[in-house]
Amino acid sequence: MERTTINAISEEVALNRNNKLDPSGLLASLIEEVGEVAKAITKEPYQCVYEEAKQVAAIALRLMEECDPSLHIVRACNNADPCCDASQRLQDPTKEYKW
């Protein structure tokens, strides 16, 4: 991966966090942005595709690091482990988390 791409995504993550501090709703945001990529890739200039894909990458990285607390109850109902402590998972990804 190009260093310029990594830097662009890192900047987009920071911008996304500044605009939306609360990670609730990140999954919905990701789905919406993927739709924007699909539209751009079929109808827009490449720069639009690049910008939309950068937003998708940034939101996906936030999901990796912060999860989406708005899905806490859904995850519990499906017996999935809690993801509200995603930052702790980064420190110890081998630890098993339970409700």
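Refer to the preceding data block for the structure.
A. Quick look at the nonpolar core. Of all hydrophobic cores here, the largest spans six residues; its members are Leu26, Leu30, Val37, Val56, Ile59 and Leu63. Secondary structure elements with two or more residues in this core: helix H2 (26-43) and helix H3 (46-66).

B. Broad picture of the side chain of Glu52. Within the element layout of this structure, Glu52 appears in helix H3. Within the buried core, Glu52 has no salt-bridge partner, and the shortest N-O distance to an opposite charge, that of Lys39, equals 8.2 Å.

C. Layout of the packing of H2 against H3. One way to put it is that H2 packs onto H3 with a least axis distance of 9 Å and a crossing angle of 160°. Compared by their axis directions, H2 and H3 come out roughly antiparallel. Considering only the axes of H2 and H3, their crossing is left-handed. Note on element contacts: H3 touches H2 through Cys48, Val49, Glu52, Ala53, Gln55, Val56, Ile59, Ala60, Arg62 and Leu63, opposite Leu26, Leu27, Ser29, Leu30, Glu33, Val34, Glu36, Val37, Ala40 and Ile41. Each residue belonging to the contact of H2 with H3 can be placed in one class, and the counts come to 14 nonpolar, two polar and four charged.

Cut-offs applied
- Residues numbered from 1 in each chain as written.
- Predicted model: local features only at pLDDT ≥ 70, side-chain atom pairs only at ≥ 80, totals over all residues.
- Heavy atoms only, no water.
- Core = buried A, V, L, I, M, F, W, Y, C linked by side-chain atoms within 4.5 Å.
- Buried < 20%, exposed > 50% of the residue type's maximum accessible area, 1.4 Å probe, protein only.
- Helix = DSSP H or I, 4+ residues; strand = E, 2+ residues; numbered from the N terminus.
- Lys, Arg positive; Asp, Glu negative; His and termini not counted.
- Salt bridge = Lys/Arg side-chain N within 4 Å of Asp/Glu carboxyl O.
- Axes fitted to C-alpha atoms, helices over the stretch in contact; angles between N-to-C directions.
- Parallel < 35°, antiparallel > 145°, perpendicular 65-115°, else oblique.
- Left-handed = near helix turned anticlockwise from the far one by under 90°.
- Contact = heavy atoms within 4.5 Å.
- Nonpolar A, V, L, I, M, F, W, Y, C, P; charged D, E, K, R; others polar.

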